[in-house]
Amino acid sequence: MTNRRDLTVPAELDGVRADKVVAVLCEVSRAEARRAIDAGRVRSQGEPLAASQALAGGQQVVVELAEPEAALVPVSVPFDVAYEDGWVVVVDKPAGLVVHPGAGTTGPTLVAGLVHRYPELAGLESHRWGLVHRLDKDTSGLLLVARTAEGHRTLQADLKARRIARTYLALVRGVPDSPRGTIDAPLGRDPHRPTRVALVRDGREARTHYSRMAAWDDATLLEVALETGRTHQIRVHLASIGHPIVGDRTYGGRRGAHPADPGRQWLHATRLGFAHPDDGHPVAVEARPHADLRAALDVLGTPGVGTVPDWTDTARDLRPDADVL
């Protein structure tokens, strides 16, 4: 069986070869894209495309990808749960764990672990196994998962309407001139490196708010709030103002090692606020940075400006008659 995709080549991929375009837009490996092209399953105006053929912005392309040979296999995966009830689960995702299966993914995924712990999620594959949003592999922190199809539809609508509050902590290189600010710059695929994201004039609207919590000579701890939620948004936006996230190997530029580099990007999804999909009552969850990130801050010592919080993990069901979790 095959999975058909009808694509329009975006302007930022104008002139890029077909195998790269298919890999980027279908979120598959270059090898899988090549296999589809070589089998004649990638066409434009009815004609099969060659892997090296340059495509034009606006060009219509039909892709038929082979369906995965095996279904998702549930497996025990270590992760913490910050909040759960019969409708939702809020996971505190560890760094290094891929969220969902995809081409080229090896090893366990968070989805496999979720289905193992919550078997009802196996029936929500068409609803992304309940995932309401995503986190990068090397970003830790809070991730919202719905346990029912109805809950997933409700929370996805809330996410689209920007009614779900997502707050991150980020340690960046240098010290921004202003203690708070907003980065309002559209994002899209990097026209020169299609697997990356960049500021693109005709890209998708993207807005990030940040405020300073503490600062050292060459590092600043920021609280970052997403108004929109584009791929790699925080990482690209902070790098665009000259303050990339410490440890970010993709968007950090050609810089020397930083003493507070934790071995991955210092980025943690720390707070999540949403209306419960059952009756709309507010829920707030907070998770402190993981041990590797806290240890990296310890290396910096006492900040010259501000303070490092004494974090605690909390989950609050904000109905007046609810017990504090």
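For the structure, check the block above.
The model shown is predicted, which means the values in this text are computed figures rather than measured ones. (Residues numbered from 1 in each chain as written. Predicted model: local features only at pLDDT ≥ 70, side-chain atom pairs only at ≥ 80, totals over all residues. Heavy atoms only, no water.)

Q: Please clarify how the overall build of the protein chain should be interpreted in this entry.
A: When you go through the protein chain residue by residue, the secondary structure sums to 6 helices and 17 strands. The C-alpha radius of gyration of the protein chain comes to 21 Å, within 12% of the 20 Å expected for a compact globule of 325 residues. Judged by the C-alpha coordinates and their principal axes, the protein chain covers about 60 × 45 × 35 Å. Buried residues in the protein chain amount to 46% of all 325 residues. Taking as baseline every contact in the protein chain between residues at least 6 positions apart, the subset at least 24 positions apart corresponds to 65%. (Helix = DSSP H or I, 4+ residues; strand = E, 2+ residues; numbered from the N terminus. Rg over C-alpha atoms; globule rule 2.2 N^0.38 Å. Buried < 20%, exposed > 50% of the residue type's maximum accessible area, 1.4 Å probe, protein only. Contact = heavy atoms within 4.5 Å.)

Q: Looking at this structure, how should I read the side chain of Arg264?
A: With respect to the secondary-structure elements, Arg264 resides in the loop between helix H5 (233-240) and strand S14 (267-275). Side-chain polar atoms of Arg264 contact the side chain of Ser140, separated by 3.2 Å. For Arg264, the residues in contact, after removing those within four places along its chain, are Ala95, Asp138, Thr139, Ser140, Val246, Gly247, Arg249, His290, Asp292 and Leu293. (Polar contact = N/O pair within 3.5 Å; in protein donor to acceptor, adjacent residues only side chain to side chain.)

Q: I keep staring at the nonpolar core and nothing clicks. Help me out?
A: Within soluble globular proteins, side chains that are nonpolar tend to cluster in buried spots. In terms of nonpolar packing, the biggest core is built from 45 residues, with Leu114, Leu171 and Trp266 touching the most fellow members. Among the nonpolar cores identified, the runner-up in size contains 21 residues, and Val21, Val22, Ala36 and Leu65 belong to it. (Core = buried A, V, L, I, M, F, W, Y, C linked by side-chain atoms within 4.5 Å.)

Q: Please explain helix H3 (residues 110-117) as it appears in this structure.
A: Every α-helix winds through 3.6 residues per turn, so residues three or four apart in the chain are directed the same way. Where burial is concerned, most of H3 is hidden: 6 out of the 8 residues are buried. Elements that come into contact with the buried residues of H3 comprise strand S6 (88-93) and strand S7 (140-146).

Q: Just checking my understanding: could you explain the packing of helix H1 (residues 18-26) against helix H2 (residues 30-38) for this structure?
A: Each pair of packed helices can be described by the angle between their axes along with the distance between the axes. Interaxial distance between H1 and H2 falls to 8 Å at its minimum, and their mutual angle equals 120°. Relative to H2, H1 is oriented oblique. Here H1 runs over H2; the crossing is right-handed. On the side of H1, the interface is formed by Ala18, Asp19, Lys20, Val22 and Ala23, while H2 contributes Arg30, Ala33, Arg34 and Ile37. Its residues placed into classes, the contact of H1 with H2 shows 5 nonpolar, no polar and 4 charged. (Axes fitted to C-alpha atoms, helices over the stretch in contact; angles between N-to-C directions. Parallel < 35°, antiparallel > 145°, perpendicular 65-115°, else oblique. Left-handed = near helix turned anticlockwise from the far one by under 90°. Nonpolar A, V, L, I, M, F, W, Y, C, P; charged D, E, K, R; others polar.)

Q: Sorry, what's going on with H5 here?
A: With 6 of its 8 residues buried, H5 lies for the most part within the structure. Residues Gln233, Ile234, Arg235, Val236, His237 and Leu238 constitute the buried set of H5. Backbone geometry just after H5 places Gly242 at a positive phi near 85°.

Q: Sorry if this is basic, but what is going on with the pairing of S14 here?
A: Taken residue by residue, a regular strand's side chains alternate between the two faces of the sheet. The pairing of S7 with S14 spans 2 bridges and is parallel. Bridge pairing links Ser140 to His268 in S14. Sheet topology note: the S14/strand S15 (residues 282-286) ladder contains 5 bridges and is antiparallel. If you follow Arg271 over to S15, its bridge partner there is Glu286. The hairpin turn running from S14 into S15, its antiparallel successor, is 6 residues long, and Gly280 in that turn takes a positive phi close to 85°. (Pairing = 2+ DSSP bridges.)

Q: I would appreciate a short explanation of the pattern of salt bridges in the present structure.
A: Between side chains of opposite charge, a pair can form as their charged atoms come close. Under the definition given, this model contains 18 salt bridges. What you see here is one network of salt bridges that share partners, running through Arg162, Asp184, Glu205, Arg207 and Glu227. (Salt bridge = Lys/Arg side-chain N within 4 Å of Asp/Glu carboxyl O.)

Q: Which parts of the structure should I look at to understand unusual backbone geometry?
A: Backbone phi values are negative for most residues with the exception of glycine, while trans is the configuration of most peptide bonds. One non-glycine residue, Trp129, adopts positive backbone phi at about 55°. With respect to the helices and strands, Trp129 occurs in the loop between H3 and S7. Phi angles above zero are rare outside glycine, and His232 is one such case at about 60°. Tracing the backbone through its elements, the reader meets His232 in the loop between strand S13 (219-226) and H5.

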